[in-house]
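# Per-entry structural report
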Amino acid sequence: MFDATPEGQVDAGRLRPPPQPPSGMRDEVLAGLLATPKTLSPKYFYDERGSRLFERICRLPEYYPTVTETGILSDCRAEIAETLGRRAAIVEYGSGSSEKIRILLDALADPAAYVPVDISRRHLEQSAARLARAYPGLPIYPLAADFTQAFSLPDLPGRPVGFFPGSTIGNFTPRQAAAFLKTAGRTLGPGSTFVVGFDLIKDHAVLERAYNDSQGVTAAFNLNALTHLNRELGCDFPLDAFAHCAWFNPKESRIEMHLKARRPLTVRIAGAAVRFREGETIHTENSYKYTPARFRALAAGAGWTVRRLWTDGRPWFAVAALSR
């Protein structure tokens, strides 16, 4: 399926993520939950169940980013392909189900390879296998890694081009986003191109509906972080003691997601006790919204130039092609 003959190519059946030592995970989680205010990294949403829940979120009628960005990629695919050029080896950060990449692969002239990067190894392997069946001649190098950290690319038969759709860059604070862009620049190398999707500032009611869907899928996704910790660290979070909350913070220009304690309680985390007051929250995620000018400034501060910028007609979303 993956033709492991070329040097450096990875057979998904043998792929193993760089394991995070349990003590490292425990220390990170405890540091966040003992802080004031309490925080938890959004990466803990993404075990196998969390990845599937996020796929469901992307199909919700309230969640406009996926359908809007997909429309931009489809409508502008010829221009995007022209910008990326021939023999592009696409490195997708946070590949998930690897659906949007199909739009680029179908439009590109002679794509050289595809490198899906995702933290959930099993989900990554399943998605890569589906894509390999759809594109039997395309070399695929699935890479299980935390893409927020530096990682090494395998030897590729083409020029690395980054792809970071889904407005995931909005989950970083502006300072973290700049650091991520700098790290990605070092990974992709000099003269590289990076296609990044980002959400635009719009009516606050539209934003808040997108993160408080009527079916409760986003709530289940948020609470799944606690299920993940219960399994991996032996915690005893009672899920019915926490409620999903999300709102727009205009001062910071971001949607915030929280888990709010419904009652006072104490949770055991790897031998430590973490106390919650009624109404106290765990801040689990941010989703920053940008103007085109603000995003250009962010990219410039990280050593990138916005070569092209595509938006939908409203405009609610943007896709940028960055170059170094």
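All values derive from a computational prediction rather than experimental measurement. Note that residues are indexed from 1 along each chain, following the sequence as it is written. Where totals are concerned, whole chains, interfaces and linings use all residues; where local detail is concerned, this predicted model gives features only for residues with pLDDT of at least 70, and gives and counts side-chain atom pairs only at 80 or more. For the side-chain quantities, the full set of heavy atoms in the structure was used; hydrogens and water were omitted.

In this section: the overall build of the protein. The way it works is that DSSP assigns letters per residue, a run of H or I at least four long becomes a helix, a run of E at least two long becomes a strand, and they are numbered from the N terminus. A tally of regular secondary structure across the protein gives ten helices and 13 strands. Dimensions along the principal axes, computed over C-alpha positions, put the protein at roughly 60 × 45 × 35 Å. Exposed residues in this analysis have more than 50% of their type's maximum accessible area, buried residues have under 20%, and partly exposed residues fall in between, with area computed by a 1.4 Å probe over protein chains only. Taken over 324 residues, the protein has a buried fraction of 54%. Here, residues are in contact when the closest pair of their heavy atoms is within 4.5 Å. Of the contacts formed within the protein by residues at least 6 apart in sequence, a portion of 70% connects residues at least 24 apart. For the protein, the accessible area works out to roughly 14100 Å², and carbon and sulfur atoms hold 51% of it. Taking the average place of the 40 positive charges on the side chains of the protein and the average place of its 34 negative ones, the gap between the two points comes to 3 Å. The protein chains shown are the only cover counted for residues, whose accessible areas, like all others here, come from Shrake-Rupley with a 1.4 Å probe. For the purpose of counting charges, residues Lys and Arg are taken to be positive, whereas Asp and Glu are taken to be negative. His and the chain ends are not included. In this description, the location of a charge corresponds to atom NZ of lysine, CZ of arginine, CG of aspartate or CD of glutamate.

Any carboxyl oxygen of Asp or Glu that lies within 4 Å of a side-chain nitrogen of Lys or Arg is treated as forming a salt bridge with it. What the rule picks out here adds up to 20 salt bridges. In this structure, R26 engages D27 in a salt bridge whose closest nitrogen and oxygen atoms are separated by 4.0 Å. The class for R26 is partly exposed, based on a relative accessible area of 28%. On the accessibility criterion, D27 (46% relative accessible area) is partly exposed.

In this section: the packing of aromatic side chains. To pair, rings of Phe, Tyr and Trp, with the six-membered ring standing in for Trp, must have centres within 6.5 Å; the planes then decide the type, stacked if under 30 degrees apart, edge-to-face if over 60, and tilted in the middle. Counted by the stated rule, this structure contains 26 aromatic pairs. Here F242 and F276 contribute two aromatic rings whose centre-to-centre distance is 5.2 Å and whose plane-to-plane angle is 85 degrees, an arrangement assigned as edge-to-face. Residue F242 is located in strand 7 (residues 242–249), and its partner F276 is located in strand 10 (residues 272–276); the two are separated by 34 residues in the primary sequence. On the basis of relative accessible area, F242 is assigned to the buried category, the value being 1%. Grouped by ring-pair contacts, the aromatic residues Y93, F147, F151, F164, F172, F180, F194 and W304 constitute a single cluster. Taking NZ or CZ as reference, K38 lies 5.0 Å from the ring centre of F276, over its face. Distance and angle both matter: a charge sits over a ring if NZ of Lys or CZ of Arg is within 6 Å of the ring centre and within 35 degrees of the ring normal. Taking NZ or CZ as reference, R314 lies 3.7 Å from the ring centre of W316, over its face.

To continue, consider the side chain of T284. By secondary structure assignment, the location of T284 is in strand 11 (residues 281–288). We classify T284 as buried; its relative accessible area is 2%. Under the rule applied, a polar contact is a pair of N or O atoms within 3.5 Å (in protein, one hydrogen donor and one hydrogen acceptor; residues adjacent in sequence only if both atoms are side-chain atoms). At 2.9 Å, the side chain of T284 and the side chain of N222 are in polar contact. With residues up to four places along the chain from it excluded, the contact list for T284 reads L40, S41, P42, F45, N222, M257, H258 and L259.

Before going further, it helps to examine the confidence of the model for the protein. The pLDDT value tells you how sure the predictor is about a given residue, anywhere from 0 up to 100. Taken residue by residue, the protein gives an average pLDDT of 90. The fraction at 70 or more is 93%. Long-range and interchain partners of residues 1–21, a stretch whose pLDDT sits below 50, account for 41 contacts in this model, where long-range means more than four residues apart.

Once that is clear, we can look at the side chain of H244. With respect to the helices and strands, H244 occurs in strand 7. H244 gets classed as buried once you look at its relative accessible area, which sits at 17%. At 3.0 Å, the side chain of H244 and the side chain of N222 are in polar contact. Apart from the residues lying within four places of it in its own chain, the contact partners of H244 are Y211, N212, T218, A219, N222, M257, H258 and L259.

On to the sheet that holds strand 6 (residues 193–199). The sheet built from seven strands is open, its strands ordered 4-3-2-5-6-13-12 with mixed pairing. The open sheet has two edge strands, strand 4 (143–144) and strand 12 (305–311), and neither has a second partner. A pair of strands counts as paired when DSSP detects no fewer than two bridges linking them. Direction of pairing for strand 3 (residues 113–118) relative to strand 4: parallel, over a ladder of two bridges. Bridge pairing in strand 4 places D118 opposite A144. Where helices are involved, their axes are fitted lines through C-alpha atoms of the stretch in contact, as for all axes, and angles between N-to-C directions lie from 0 to 180°. Its contacts with the sheet place helix 3 (residues 64–75) against strand 5 (159–164), strand 6, strand 12 and strand 13 (317–323), and it is angled at close to 55 degrees to strand 13. The strands touched by helix 6 (residues 121–134) within the sheet are strand 3 and strand 4, with strand 3 carrying the most contacts at an inclination of about 160 degrees.

Turning our attention to the pairing of strand 12. Regular strands have side chains that alternate between both faces of the sheet. Where strand 12 and strand 13 come together, six bridges link them in antiparallel fashion. Bridge assignment links T305 to a residue of strand 13, and that residue is S323.

Now for the nonpolar core. Residues grouped as a nonpolar core are buried Ala, Val, Leu, Ile, Met, Phe, Trp, Tyr and Cys residues, joined through side-chain atoms within 4.5 Å. Core analysis: the biggest nonpolar cluster contains 40 residues, and V29, L229, F237, F242, I269, F276 and I282 have the highest contact counts within it. For this core, the secondary structure elements donating two or more residues are helix 1 (22–33), helix 2 (48–58), helix 8 (204–210), helix 9 (217–233), strand 7, strand 8 (254–261), strand 9 (265–269) and strand 10. Non-local contacts of F237, meaning those with residues more than four positions away in its chain, are made with L33, L226, L229, N230, F242, V267, I269, F276 and I282.

Right, let's talk about the packing of helix 2 against helix 6 for a bit. For any two helices packed against each other, the geometry comes down to the angle between their axes and how far apart the axes lie. It is the contact of helix 2 with helix 6, at a shortest axis distance of 8 Å, that shows an interaxial angle of 55 degrees. One finds that helix 2 runs oblique with respect to helix 6. The segment helix 2 lies against helix 6, with E48, S51, R52 and E55 engaging R122, H123 and Q126. Here the term charged refers only to Asp, Glu, Lys and Arg, the term nonpolar to Ala, Val, Leu, Ile, Met, Phe, Trp, Tyr, Cys and Pro, and the term polar to all other amino acids, Gly among them. Partitioned by chemical class, the residues of the contact of helix 2 with helix 6 number no nonpolar, three polar and four charged. When describing relative orientation, an angle under 35 degrees is termed roughly parallel and one over 145 degrees roughly antiparallel, while 65 to 115 degrees is termed roughly perpendicular and anything else oblique.

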